[in-house]
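# Report on the structure
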Amino acid sequence: MGSNNVNSVIVVGGGLVGSLCAIFMAKRGYHVTLFEYREDIRTAKFARGRSINMALSNRGRKALRAVGIEKIILESAIPMKGRLLHDLKGRTTSVPYDALTGQCIYSISRDYLNNVLLTELEKYPNVKIYFNHKLMSVSFEDERISVMNLITEEITTHQADLIIEADGAYSTLRRYMQLTPLFEYSQTYIQHGYLELVIPPENGPKMTPNHLHIWPRGQFMMIALPNKDNSWTVTLFMPFGKFESLRNAAELKDFYYKTFPDAVPLIGEDLLVNDFFKVKPSALVSVKCKPYHVGSKFLLIGDAAHAMVPFYGQGMNAGFEDCFLLDGILERRSNDIAGSIEEFSRERVEDAYAICELAMYNYVEMRDLVTRPSYRLRKFFDEL
Ligand code: FAD
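Cut-off values and rules
- Residues numbered from 1 in each chain as written.
- Predicted model: local features only at pLDDT ≥ 70, side-chain atom pairs only at ≥ 80, totals over all residues.
- Domains from an automatic or database assignment.
- Contact = placed C-beta atoms within 7 Å.
- Helix = DSSP H or I, 4+ residues; strand = E, 2+ residues; numbered from the N terminus.
- Nonpolar A, V, L, I, M, F, W, Y, C, P; charged D, E, K, R; others polar.
- Near = placed C-beta within 6 Å.

What follows deals with the domain arrangement of the protein chain. In terms of domain boundaries, the protein chain breaks down into domain 1 (3–87 + 108–187 + 285–367) and domain 2 (189–283). Between domain 1 and domain 2, the C-alpha centre-to-centre distance is 29 Å. In this complex, domain 1 contributes 20 residues to the contact, which on the side of domain 2 involves 24 residues. Secondary structure elements with two or more residues in the side of domain 1 that touches domain 2: β3 (53–56), β4 (78–80), β5 (82–86) and α12 (337–367). At 5 residues, β5 tops the list of elements feeding residues into the side of domain 1 that touches domain 2. Looking at the side of domain 1 that touches domain 2, its residues break down into 10 nonpolar, 7 polar and 3 charged.

See the structure below:
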């Protein structure tokens, strides 16, 4: 127990899942300390290079609602009521997600979401946030972690009643857990990378609104999600070998005019060439492990526990659901931390494995199967 018989909790990672989890814990009245490796993104000069916008679904909304911030998030989100499929001739087909009741997913800026979460977290007097602080090492024996202040390079050690690791797909705690007996772990990199492009605000209104646009092309695909400023974030998923084969502007333009002809005037040739060659494509990893806890204090959540490929749009949503479920278990067990993290771990693993599998499957669905009539779909499964 921390002071005055109030539980103390350390959250490592102030990304989407860590900051939401810290809010849940602060709302419970726990003393919360959050360590985040990066500087405060609300004042940072450079944005990070990972998906600019995200699909928020009911799973994630439920968690945001529970801490009272769903409304403010949805006000800045754009509903996507279905997929809009682009064929090779630039013809489009709308496929609603839910033609009966009109349920939809929402496109929301990653940074805006993280900003709102951190700002909400700061409202709680029982919270301390330390940016530029990196988890360096973990001792399960002493139930301590070591954290480095990246500005002063000072290393300090910390203890708490509960230590939650939301430090993403390359989690430091998870590396330590891999050294403990009976911990199961596997990671899979797919042979496809991704790269982000943009349709600028002046061309955004030419896109059919309120859809998640997909250019499915069998072995690869491109998608686009809308932003509030009328621009669209475009993500190209392709085998690394294909990225490497496009060596200069001429080869890239030739490929684009043949493969995504209707997208070229929307992105613009110059911007396409500039953005394509600006950064290298990023890798996509899927992580499965179990259990999610060690002893009576340490717990993995979010991508640290179950990173998945992004094709189901559920990584963040599942991480948000982790926070919601953990809070519910702590509530039901009257803040019995040891029992709660053991129960969370036991109950969550199977669902997390399932969603990792679904995400992997949905890659085939999005880049290929969406274009096939159902009889070919059946044949595809017969051939598997
Ligand atoms: P992260 O977002 O990785 O945050 C981890 C945080 O921990 C970071 O802030 C990092 O700086 C910090 N950290 C790391 N190491 C340390 C350390 N040693 N000490 C202190 N801090 C540390 N999900 C969806 O639900 N919908 C989508 O549409 C969607 N689209 C995606 C598109 C792409 C291209 C990709 C790659 C992913 C997408 N995802 C989507 C998945 C989503 O991005 C992740 O599931 C989500 O970001 C996980 O959040 P997290 O907080 O667990 O991890």
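All right, on to the site of the ligand then. In the region of the ligand, 33 residues are neighbours, and G13, G15, G168, G302 and G315 sit closest. Going through the elements one at a time, α1 (16–27), β3, β9 (133–139), α10 (303–306) and α11 (315–332) are the ones with two or more residues in the shell around the ligand. Among the elements that make up the shell around the ligand, the one with the highest residue count is α11 (4 residues). Taken together, the residues of the shell around the ligand break down into 13 nonpolar, 14 polar and 6 charged.

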